[in-house]
Amino acid sequence: MLFEIIMTICFFIIGASITSFFQCAFYRKINGPGAFGEKRSFCENCGHRLGVIDLIPVFGWLLLKGKCRYCGSRIPGRYPLAEAIGGLSFSALFFVSGLSVKTLFGAALCTLLIAISLYDVDTRRIPNVMNLLLFIVTAVYVICGGLTRRGLISSLAGGLVIPALIMLLAFLMEKKTGRQALGGGDLKMLAGTGLLLGTGLSILNILFMSLFGLVYAAVRRKKKTDAFAFAPFISASTFVLYLFGRQIGGVFFGDVWSSL
Ligand SMILES: [Zn+2]
């Protein structure tokens, strides 16, 4: 029991640290490496170098009550929030699957999903290299017989046919409304996640990510016409289906599940 608790905490720390690393790396990439002329992390407002406590994911922010220790300016809550989500995702992996191949691969998957989501939130685009990596990692997992051993046809249909159908749908919606419904990066991402999940779960993935997106659109306060990054919703849905695909697939498709 003690071992499980310690491992869950370790997985949380790994996930939160990876998220923290990406946030920092992307911030520098987007704002230029020379901001404040420092190589180490610094406060966005006053440029003061950050100490060890300031850099602890999630808890650093809590200890400082969300304010810079040096100038008192507010540190945006999205940083500790993202770190907490990254940490909890990693903990969930261990909690559900223990020390296993599924957890190991899940950690790689999770790392990529976190990176893609953060980059999309910051820039509204997903670099091709990230989507390519996602595709390669999932392809390796599928070829090694991962997830459900449904066979290659199901994976190929999930990775190619479903994204193609979504592309068609997005194209038609765009023609009708004159607004971009889904970005090209999102579609490429769906090829990677579709390959991983197979046909049945890919259909559920579309359903879940749309639901998550709709809930978010309903609760956020900004103008309704604003577009928002969609990768976090694809990531959340994919991760849930990766962890609980068997159970959720069974609920939606019953006995047919194993052949989808
Ligand atoms: Zn400051």
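This write-up is about the structure you can find in this document. (Residues numbered from 1 in each chain as written. Predicted model: local features only at pLDDT ≥ 70, side-chain atom pairs only at ≥ 80, totals over all residues. Heavy atoms only, no water.)

Comments concerning empty space enclosed by the protein
- Applying the stated criterion to the full structure yields one cavity of 30 Å³ or more.
- Approximately 40 Å³ is the volume found for the largest cavity.
- Every residue lining the largest cavity is listed: G158, I162, P163, L190, T193, G194, S202, N205, I206 and M209.
- Mapped by element, the contributors of at least two residues to the lining of the largest cavity are α6 (152-177) and α7 (184-219). (1 Å grid on protein atoms, 1.4 Å probe; cavity = no way out; pocket = protein on both sides within 12 Å on 5 of 7 lines; lining within 4 Å. Points joined across faces, edges and corners; volume = space filled by probe spheres on them. Helix = DSSP H or I, 4+ residues; strand = E, 2+ residues; numbered from the N terminus.)

A short note on the pattern of salt bridges
- Taken as a whole, this structure holds two salt bridges when the rule is applied.
- With a shortest N-O distance of 3.0 Å, D54 and R69 are connected by a salt bridge. Taken together, the positions of D54 in the loop between α1 (2-31) and α2 (59-63) and R69 in the loop between α2 and α3 (78-97) put the pair 15 residues apart, joining distant regions of the chain.
- Residue classification places D54 among the buried residues on the basis of a relative accessible area of 14%.
- For D122, the salt bridge identified is with R78, shortest N-O distance 2.8 Å. In this pair, D122 is assigned in helix α4 (residues 101-123) and R78 in helix α3, connecting sequence segments 44 residues apart. (Salt bridge = Lys/Arg side-chain N within 4 Å of Asp/Glu carboxyl O. Buried < 20%, exposed > 50% of the residue type's maximum accessible area, 1.4 Å probe, protein only.)

Describing the coordination of the zinc ion
- Looking at the zinc ion, the protein donor atoms are C43 (SG), C46 (SG), C68 (SG) and C71 (SG), and they sit 2.3 Å from it.
- One way to put it: the four donor atoms around the zinc ion meet at angles of 104 to 120°, and that makes the site tetrahedral.
- Counting the intervening residues between successive donors of the zinc ion yields the motif C-x2-C-x21-C-x2-C. Here C46 is found in the loop between α1 and α2, whereas its partner C71 is found in the loop between α2 and α3, with 25 residues between them in sequence.
- Judged by its relative accessible area of 34%, C46 falls in the partly exposed class.
- According to the relative accessible area criterion, C71 is partly exposed, its value standing at 34%. (Donors = N, O, S within 2.8 Å, 3.2 Å for Na, K, Ca; no water. Tetrahedral: all angles 85-135°; square planar, octahedral: opposite > 155°, others 65-115°.)

Things to note about unusual backbone geometry
- The phi torsion at K65 lies on the positive side, around 55°, for a residue other than glycine.
- Secondary-structure assignment places K65 in the loop between α2 and α3.
- Since its relative accessible area comes to 71%, K65 is described here as exposed.
- Phi angles above zero are rare outside glycine, and R124 is one such case at about 65°.
- Tracing the backbone shows R124 in the loop between α4 and α5 (128-143).

A look at the packing of aromatic side chains
- Taken as a whole, this structure holds 13 aromatic pairs when the rule is applied.
- Taken together, the aromatic side chains of F21, F22, F26 and Y119 make up a single cluster linked through ring pairs. (Phe/Tyr/Trp six-rings, centres within 6.5 Å; stacked < 30°, edge-to-face > 60°.)

Structural notes on α4
- In this model, α4 (23 residues) spans 33 Å end to end at C-alpha, consistent with the 33 Å of a helix rising 1.5 Å per residue.
- Of the residues trailing α4, R124 is marked for its positive phi of about 65°. (Expected span 1.5 Å × (residues − 1).)

Some remarks on the environment of L187
- Take L187: it is sitting in helix α7.
- Residue contacts for L187: discarding those within four places in its chain leaves P163, I166, M167 and L182. (Contact = heavy atoms within 4.5 Å.)

Examining the packing of α5 against α7
- Relative orientation of the contacting elements α5 and α7 amounts to 10°, with a least axis distance of 8 Å. Classified by the interaxial angle, the pair formed by α5 and α7 is roughly parallel. Of α7, the residues touching α5 (which contributes N128, N131, L134, F135, T138, A139, Y141 and V142) are G185, K188, M189, A191, G192, T193, L195 and L196.
- Its residues assigned to classes, the contact of α5 with α7 shows nine nonpolar, six polar and one charged. (Axes fitted to C-alpha atoms, helices over the stretch in contact; angles between N-to-C directions. Parallel < 35°, antiparallel > 145°, perpendicular 65-115°, else oblique. Nonpolar A, V, L, I, M, F, W, Y, C, P; charged D, E, K, R; others polar.)

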